[in-house]
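# Structure at a glance
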Amino acid sequence: MKPLKIFVIEDDRTLHRRITRELSAVPCKISFFSTSDSVFDLLKFHPDVVIHDYKLQKVTKLNEWAIPY
């Protein structure tokens, strides 16, 4: 199984460690980005999942979209 490419938009370094720890059982490659980065600019790198706000659990699974951006 290919590891998921997960993009996390989060500035808090403490949350970076927590997210990494919580997803350690999932075969994935996690990349962190600043909240100042545009989600639309990141989509050109074709992530499988984008976590917009970890505390509010706003997550987008890109394979659910019928038409990619």
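Structure: see above.
Now for a description of the structure that goes with this document. It should be emphasised that the depicted structure is a prediction, and the values quoted were computed from it without experimental measurement. (Residues numbered from 1 in each chain as written. Predicted model: local features only at pLDDT ≥ 70, side-chain atom pairs only at ≥ 80, totals over all residues. Heavy atoms only, no water.)

### Some points on unusual backbone geometry
Positive phi, normally seen in glycine, also occurs at His46, with a value near 55 degrees. Locating His46 in the fold gives a position in the loop between helix 2 (39–42) and strand 3 (49–53). (Helix = DSSP H or I, 4+ residues; strand = E, 2+ residues; numbered from the N terminus.)

### Re the pairing of strand 1 (residues 4–9)
By the bridge criterion, 6 bridges tie strand 1 to strand 2 (residues 28–33) in an arrangement that is parallel. Of the residues in strand 2, the one forming a bridge with Ile6 is Ile30. (Pairing = 2+ DSSP bridges.)

### Examining the pattern of salt bridges
Side-chain pairs of opposite charge can arise where the charged atoms are in close proximity. Applying the stated criterion across every chain, the model contains 1 salt bridge. Ionic pairing is found between Glu22 and Arg18, a salt bridge with its closest N-O pair at 3.0 Å. Highlighted residues: Glu22 and Arg18, both in helix 1 (residues 13–22), separated by 4 residues, approximately one helical turn. For Glu22, a relative accessible area of 45% corresponds to the partly exposed category. A residue is classified by how much of its surface remains accessible, and Arg18, at 39% relative accessible area, is partly exposed. (Salt bridge = Lys/Arg side-chain N within 4 Å of Asp/Glu carboxyl O. Buried < 20%, exposed > 50% of the residue type's maximum accessible area, 1.4 Å probe, protein only.)

### Description of the side chain of Glu10
Tracing the backbone through its elements, the reader meets Glu10 in the loop between strand 1 and helix 1. The exposure class of Glu10 is buried, given its relative accessible area of 14%. For Glu10, the side chain forms a polar contact with the main-chain nitrogen of Asp12, separated by 3.2 Å. (Polar contact = N/O pair within 3.5 Å; in protein donor to acceptor, adjacent residues only side chain to side chain.)

### Notes on helix 1
Those residues of helix 1 that sit buried are Leu15, His16 and Ile19. Viewed end-on, helix 1 has its buried residues packed into an arc of 110 degrees, placing them on one side of the element. Set apart from the buried face of helix 1 by more than 90 degrees, the exposed residues are Arg13, Arg17 and Arg21. Taken together, the buried residues of helix 1 touch strand 1 and strand 2. The N-cap residue of helix 1 is Asp12: its side-chain oxygen and the backbone nitrogen of Thr14 are 2.8 Å apart. (Arc of directions from axis to C-beta. Contact = heavy atoms within 4.5 Å.)

These figures come from the coordinates and say nothing about function on their own.
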